[in-house]
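# Coordinate analysis (summary)
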Amino acid sequence: MASQIPALPQSYAPGTDSVFSDQSGFYSLDSNVPGLSKVILNKLNMNDYGQYRCLNVYYCTKDCQKKDWPQHKKVCKKLRLVAIDRLVEWLMFTGDLPLPTEKWCKSVAEVRNWEDWLPMQGDLTSRQDAILSGANMETLWKNVSRPRPDDADLRQSLWRIQSEFLSRVLTVGMAVQHYSLNPHAKPLTIHLAGASHNESMGARLTDYDELNNMFPGHQGIEIVMVGPEVVDGPIMRPPLRAFGPKQRVFISAYKGLYHQFWEELVEKEEAAKPDLVVGFHPGFHANQGLVEGWLPTLLLLRDFNIPSFFTMYSEMELKYSLQILLELEMHIRDSGPNPFSSQKPEQVQACPNKTPVYCNSHYISFQGLLPREDFEEHVSDD
């Protein structure tokens, strides 16, 4: 059994000015200033050179902008999409998004990626146009001090934001299939470990109802969001001890670390043991402090032989996460690109000229302890 916290690769060691590694997507103001508002720019006596292009990167002088252009031009068009999405995403909190989805006309086995899912939704244009002509869209562009993009750009933005929302739900469904769990045979309890404000801010009790379309007639699915950053709201209610109505998805939440949730509720039988644990972007690759924070949870998942499915932002994050899990002697079942990756690009704040990343773009599935023969082979390879 692994007894030490695995050391991180040197490139992911945190800087002295931050608890986060720059390469993990966070940054400190003394070294980077992408995407700052005009108020902050004025405080720093900086001009918004370059804003007319992608609305994301700012420079201290026109000369500085010209010098950076050979690198920045590679990602400028993508970052323009990031800037539009960052504003349009507000419609998630007004109730305009997400758009309602249709019942599936294909079996879950036939829906392998977005190309299979989209044709089942019919014509999205009329639903998108209703948002484009709505009062909230008008209010948005009246108040952002930026010109309104054309309708084609806004329709694409609505889809990208919809895809990020649905990516989490469809990834959970993909994990259910991956482990051959059958929600038609018995109710399922799924824990979302490390849930943050990204998943829980503005969360509705209906956010995972696409699972009803994915598994029609199921025996009941419980989703429990667990994490220290879970935001208070309708989902902040106790988990189920015994499952309730069939053919419904029940969402609850617990604010705290996953191993604490296990000790306080699961071990006392005040919450059901999970059939599956999913983690969206756990980030334990980013620095030693995050590895230490995740270690009790990772060891718990390993020692209780719980099917686990975690997602990453990029192939680089996947690589380092695999390394850490192998050093913990995890049995890796599979890893690779996620066919239900978000289509919304995310700016890498540490360096705006890096290629944008995407939520849930890659995944790792792991369960239990690495078989002894595989562990010995891994050690000899090292």
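Residues numbered from 1 in each chain as written. Predicted model: local features only at pLDDT ≥ 70, side-chain atom pairs only at ≥ 80, totals over all residues. Heavy atoms only, no water.

### Describing the overall build of the chain
If you tally the helices and strands in the chain, you get 15 helices and 9 strands. Within the chain, buried positions represent 51% of all 382 residues. Counting only contacts in the chain whose residues sit at least 6 apart along the sequence, the fraction spanning at least 24 positions is 75%. On the chain, roughly 18200 Å² of surface is accessible, and the fraction owed to carbon and sulfur atoms is 52%. (Helix = DSSP H or I, 4+ residues; strand = E, 2+ residues; numbered from the N terminus. Buried < 20%, exposed > 50% of the residue type's maximum accessible area, 1.4 Å probe, protein only. Contact = heavy atoms within 4.5 Å. Areas by Shrake-Rupley, 256 points an atom, 1.4 Å probe, with all protein chains shown as cover.)

### Examining unusual backbone geometry
Cis geometry marks the peptide bond from Leu97 to Pro98, where omega comes out at 0 degrees. Turning to its location among the elements, Pro98 is positioned in the loop between helix H5 (91–94) and helix H6 (114–117). Even without being a glycine, Ser180 presents a positive backbone phi close to 55 degrees. With respect to the helices and strands, the residue Ser180 is situated in the loop between helix H9 (151–178) and strand E1 (188–193).

### Things to note about the environment of Ile223
By the secondary structure assignment, Ile223 is in strand E2 (residues 221–227). Through-space distance from the C-alpha of Ile223 to that of Ala253 is 8.3 Å; in sequence the pair is 30 residues apart. For Ile223, the contacting residues outside a window of four places in its chain are Val172, Ile190, Leu192, Tyr208, Leu211, Val249, Phe250, Ile251 and Ser252.

### Notes on the pattern of salt bridges
For the coordinates displayed, the defined rule picks out 13 salt bridges. A salt bridge links Glu89 to Lys344; the nearest nitrogen and oxygen atoms lie 3.7 Å apart. Within this pair, whereas Glu89 is found in the loop between helix H4 (76–88) and H5, its partner Lys344 is found in the loop between strand E6 (330–337) and strand E7 (345–346), the two being separated by 255 residues in sequence. Residue Lys344 is classed as buried on the basis of its relative accessible area, which comes to 4%. What emerges from the salt-bridge pattern is a single network uniting Glu89, Glu164, Lys344 and Glu346. (Salt bridge = Lys/Arg side-chain N within 4 Å of Asp/Glu carboxyl O.)

### Structural notes on the environment of Gly217
Relative to the assigned elements, Gly217 resides in the loop between helix H11 (210–214) and E2. Overall, the relative accessible area of 37% leaves Gly217 in the partly exposed class. Taking the C-alpha atoms as reference, Gly217 lies 6.7 Å from His184; in sequence the two are 33 residues apart.

### Quick word on the packing of aromatic side chains
Applying the stated criterion to the full structure yields 13 aromatic pairs. Measuring from centroid to centroid gives 6.2 Å for Trp117 and Trp159, while their planes differ by 20 degrees, and the two rings are stacked. Residue Trp117 is found in helix H6, and its partner Trp159 is found in helix H9; the two are separated by 42 residues along the sequence. Between Tyr254 and Phe261, the ring centres sit 5.2 Å apart and the planes meet at 55 degrees, which makes this aromatic pair tilted. Assigned by exposure class, Tyr254 and Phe261 land together as buried. Within the aromatic cluster, the residues linked to one another by ring pairs are Tyr254, Tyr258, Phe261, Trp262 and Phe304. Geometry around Tyr320 places Lys319 over its ring, the cationic atom sitting 5.6 Å from the centre. (Phe/Tyr/Trp six-rings, centres within 6.5 Å; stacked < 30°, edge-to-face > 60°. Lys NZ or Arg CZ within 6 Å of the ring centre and 35° of its normal.)

### Points about the environment of Lys77
Turning to its location among the elements, Lys77 is positioned in helix H4. Taking the relative accessible area as the measure of exposure, Lys77 reaches 73% and is therefore exposed. Along the backbone, Lys77 and Cys54 are 23 residues apart, and their C-alpha atoms lie at a distance of 6.6 Å.

### Focus: a nonpolar patch on the surface
A grouping of Trp90, Phe93 and Met201 is seen on the molecular surface, where their side chains present a nonpolar patch of about 320 Å² in accessible area. Inspection of the secondary structure puts Phe93 in helix H5. (Patch = residues over 30% accessible without salt bridge, like charges linked within 9 Å, V, L, I, M, F, W, Y side chains within 5 Å.)

### Details of the sheet that holds E6
Taken in spatial order, the 7 strands of this open sheet run E3-E2-E1-E4-E5-E9-E6, and their pairing is mixed. Among the strands making up the open sheet, the edge pair consists of strand E3 (249–255) and E6. Between one strand axis and the next, the sheet turns by 20 degrees as a mean value, whatever way the strands run. As judged from the 5 bridges shared by strand E5 (residues 308–312) and strand E9 (residues 362–369), these two strands associate in the antiparallel manner. (Pairing = 2+ DSSP bridges. Axes fitted to C-alpha atoms, helices over the stretch in contact; angles between N-to-C directions.)

### With respect to the pairing of E3
Of all the 7 residues making up E3, 6 are buried; the element is thus mostly covered by neighbouring parts of the structure. By the bridge criterion, 7 bridges tie E2 to E3 in an arrangement that is parallel. Paired with Met225 across the bridge in E3 is Ala253.

### Considering H9
Look at H9: 39 Å from first C-alpha to last across 28 residues, which is about the 40 Å you get at 1.5 Å a residue. At Leu166, H9 shows its maximal bend, which comes to roughly 35 degrees. A large share of H9 lies buried, amounting to 22 of its 28 residues. Following H9 by one or two positions, Ser180 adopts a phi angle in the positive range, close to 55 degrees. (Expected span 1.5 Å × (residues − 1). Bend = angle between axes of the 7 residues up to and from the residue.)

### Quick word on helix H3 (residues 62–72)
Of all the positions in H3, only Gln65, Asp68 and His72 are classed as buried. Buried positions in H3, seen along its axis, are confined to an arc of 80 degrees and lie on one side of it. Turned more than 90 degrees off the buried face of H3, the exposed positions are Lys66 and Lys67. (Arc of directions from axis to C-beta.)

### Here we look at the packing of helix H12 (residues 258–266) against helix H13 (residues 288–303)
The N-to-C vectors of H12 and H13 enclose an angle of 60 degrees; their axes lie 7 Å apart at closest approach. Taken as axis vectors, H12 and H13 run oblique relative to one another. Contacts between H12 and H13 involve Tyr258, His259 and Trp262 from the first element and Pro296, Thr297, Leu300 and Leu301 from the second. Grouping the amino acids of the contact of H12 with H13 by side-chain chemistry returns 5 nonpolar, 2 polar and no charged. (Parallel < 35°, antiparallel > 145°, perpendicular 65-115°, else oblique. Nonpolar A, V, L, I, M, F, W, Y, C, P; charged D, E, K, R; others polar.)

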